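For reference, the chains in residue letters:
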Amino acid sequence: MSAQTGGVAELKFRDPGHARELTTALARLVQGLHRAPVTLMHVCGTHEQAIARFGLRSSLPPGLRVIMGPGCPVCVTDLGEVDEGVALALQGVRIATYGDMVKLPGSSKSLADAQAEGARVEVVYSATQAVELARASDEPVVFFASGFETTAVTTAAILLAKPPANFSVLSAHKYVPPAMEAVACLPETRVEGFLAAGHAAVITGYGLFEDFARRHHTPVVVAGFEPLDILAALVKLLEMIRDRDYGAANAYPRCVTREGNRHAQESLWRVFESADGPWRGIGVIPNGNLQLRKEWAALDARRRFRIDVSGLQQKARSELSRRCLCGKIMVGLVEPTDCPLFGRECVPESPVGACMVSSEGTCKIWYQYGGRPDLGGGT
Amino acid sequence: MQGLARAFILPDRGRRRRARLAGRLLPVVGAEGCRNPWLPCLQPTCYDLGMCLGIPGKVIGIDGMEATVDFFGVRRQVRLDVVDEPVALGDYVLNHVGFAIRRIPESEVAETLKLFEELAAAEKEQDLLAADLRAELAATQERKK
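Read on for an overview of the structure. Keep in mind that this is a model prediction, so the values were computed, not measured. (Residues numbered from 1 in each chain as written. Chains lettered and ligands numbered in written order. Predicted model: local features only at pLDDT ≥ 70, side-chain atom pairs only at ≥ 80, totals over all residues.)

For the rest of this paragraph, the subject is the overall build of chain A. Helix and strand counts for chain A come out as 18 helices and eleven strands. Principal-axis analysis of the C-alpha atoms places the extent of chain A at approximately 60 × 45 × 45 Å. Taken over 379 residues, chain A has a buried fraction of 60%. In chain A, of all internal contacts separated by at least 6 residues, the share reaching a separation of at least 24 is 76%. (Helix = DSSP H or I, 4+ residues; strand = E, 2+ residues; numbered from the N terminus. Buried ≥ 20, exposed ≤ 12 C-beta atoms within 10 Å, placed from the backbone. Contact = placed C-beta atoms within 7 Å.)

Set out below in structure tokens:
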């Protein structure tokens, strides 16, 4: 390990002593609330990965439930959006997209299926790679862009940097705050506090959540991704619930500020505007989608190509997909293990629902690591 | 605190076992071959990173809007369009899908640690068991060798 500050910090973050102090604090706070269980929701696949990988749930007090909400951008990409990508690919347009999107099922086909039929689908790690693909040839390249605001900002950046004329974007970008709103409004929801995703907040700032927290009497704490970041944020969240402090707090100060990255916000809203749109398994989220503004029509694949999805949508949903509980899992009403298909008909190699496709999907994470691993001594 | 100790010390072993059960070593953060099994790396086997994961790295070269960044020993090109502050050689930046989204001053890493100390201070009178846990951690590493 080189002499980087990251190395030193990393050791401290993994400090079991700190973890012990924080879990003791959690247990006391939960006890002090005199009601159990207390349900807290995080909205980030990376949080779920950290929680599952480090077995954090086994060290939480019995009266505390931490569940994952709609925090996986690939999982909430709607069937119709995948259909658009597949239709374009089958029309012979070259598609560039993030790896997780390829296996994501559409109404009847995924991009992988289209690829097997001869369509050209390229996996890119970054939006810049999609632009490079377009620069290297004259044929049209469509970047099928997914991701929340942090990723949408990078798509905005490449559009602002004057991409070549044969490049365009099919946006499946989503905006998280409206989805938190939707979850908070569900009558079945018993979420008392939210952990907001650290890197979305790097862009938006944590001040964005203050209004939400006040209106819903649900505090929001921005959390980092180290196990101790998450435990510290949970402690802060329970303290705010105890003190009826319905605001937003920052437990990730090394990366997140109140205002966020203003420059990035400006670019984001110069290129995108929010629009009502369907989130898979959840329904239409008001202002939940990010679509390209009219000024960018020339680079908008939806305006540039005639996308015919009729051939893909006719098939009725299969018996298996009707039994899939992804929608309820994504709003935190049930856990993956409650799904009759989990680990049986639905596995990462042949996913039925979107949550088993993405590395940020609740089901895939639970399948890989176990959501509530039996580590002995835990609940 | 057996459960907690094991949660913090053995996840790697559990993960590898599950990965083997799944028939292959999954390309996840800290996959085999990474220099540091605890940290996300950018080797090709580790590309299966979540899209909202951000990785800090040190800027070792700048060419216009592109920087060469060292992520714990792995060098990559990172775009500087999104970051809102001037970035200089030696700075740490947070990378997200090939874009620097924030410059991290070194002082803020220490500040975060301080925050944890403050949060935990209220519970100090509790028996910490930290020494035992560290000893167990050390022993676990010994056995691994």
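We now examine the overall build of chain B. Across its full length, chain B carries four helices and five strands. Helices and strands appear in chain B in the N-to-C order α-α-β-β-β-β-β-α-α. Taken across its 145 residues, chain B has 39% of its residues classed as buried. Restricting to contacts in chain B with at least 6 residues of sequence separation, those with at least 24 account for 33%.

Residues and elements named next belong to chain A. Structurally, Pro 61 is set in the loop between helix 3 (45-53) and strand 2 (64-68). Its 19 C-beta neighbours within 10 Å are what place Pro 61 among the partly exposed residues. Once the C-alpha coordinates of Pro 61 and Pro 37 are considered, the two residues, 24 residues apart in sequence, prove to be 9.7 Å apart. Setting aside its immediate chain neighbours within four residues, Pro 61 contacts Leu 26, Ala 27 and Val 30.

Glancing now at the environment of Glu 106 of chain B. Residue and element names in this part refer to chain B. Following the sequence through the fold, Glu 106 ends up in helix 3 (residues 106-121). Judged by the 15 C-beta atoms lying within 10 Å of it, Glu 106 is partly exposed. Note: C-alpha distance between Glu 106 and Tyr 92 (14 residues apart in sequence) is 7.4 Å.

On to helix 18 (residues 362-369) of chain A. Along helix 18 of chain A, seven of the eight residues are buried, which leaves the element largely enclosed by surrounding structure. Of all the positions in helix 18 of chain A, only Thr 362, Cys 363, Lys 364, Ile 365, Trp 366, Tyr 367 and Tyr 369 of chain A are classed as buried.

Residue and element names in this part refer to chain A. At a minimum axis separation of 9 Å, helix 2 (residues 16-33) and helix 12 (residues 227-242) run at an interaxial angle of 25 degrees. Compared by their axis directions, helix 2 and helix 12 come out roughly parallel. Where helix 2 crosses over helix 12, the handedness of that crossing is left-handed. For the pair formed by helix 2 and helix 12, the contact residues are His 18, Ala 19, Leu 22, Thr 23, Ala 25, Leu 26, Leu 29, Val 30, Gly 32 and Leu 33 on the first element and Pro 227, Leu 228, Leu 231, Ala 232, Leu 234, Val 235, Leu 238, Glu 239, Ile 241 and Arg 242 on the second. Here the contact of helix 2 with helix 12 is composed, by residue class, of 15 nonpolar, three polar and two charged. (Axes fitted to C-alpha atoms, helices over the stretch in contact; angles between N-to-C directions. Parallel < 35°, antiparallel > 145°, perpendicular 65-115°, else oblique. Left-handed = near helix turned anticlockwise from the far one by under 90°. Nonpolar A, V, L, I, M, F, W, Y, C, P; charged D, E, K, R; others polar.)

Once that is clear, we can look at the sheet that holds strand 2 of chain A. Residue and element names in this part refer to chain A. Ordered in space as 2-1-7-8-9, the five strands form an open sheet in which the pairing is parallel. Edge strands, defined here as strands with exactly one partner in the open sheet, are strand 2 and strand 9 (248-250). Looking at each pair of strands side by side, their axes are set apart by 25 degrees on average, direction ignored. In this structure, strand 1 (residues 38-42) lies alongside strand 2, joined through five bridges in parallel fashion. Each bridged residue has a counterpart across the sheet, and for Thr 39 the counterpart in strand 2 is Arg 65. (Pairing = 2+ DSSP bridges.)

Right, let's get into unusual backbone geometry. Even without a glycine there, the phi angle at His 217 of chain A is positive, about 50 degrees. Inspection of the secondary structure puts His 217 of chain A in the loop between helix 11 (210-216) and strand 8 (220-223). Residue class for His 217 of chain A comes out exposed when judged on the 12 C-beta atoms lying within 10 Å of it. Its identity as a non-glycine residue notwithstanding, Val 97 of chain B has a phi of 35 degrees, on the positive side. Tracing the sequence through the fold places Val 97 of chain B in the loop between strand 4 (92-96) and strand 5 (99-104). Here Val 97 of chain B falls in the buried class, since 25 other C-beta atoms lie within 10 Å of it.

Residues and elements named next belong to chain A. By the bridge criterion, seven bridges tie strand 10 (residues 272-279) to strand 11 (residues 283-292) in an arrangement that is antiparallel. Of the residues in strand 11, the one forming a bridge with Pro 278 is Val 284. The hairpin turn running from strand 10 into strand 11, its antiparallel successor, is three residues long, and Gly 281 in that turn takes a positive phi close to 75 degrees.

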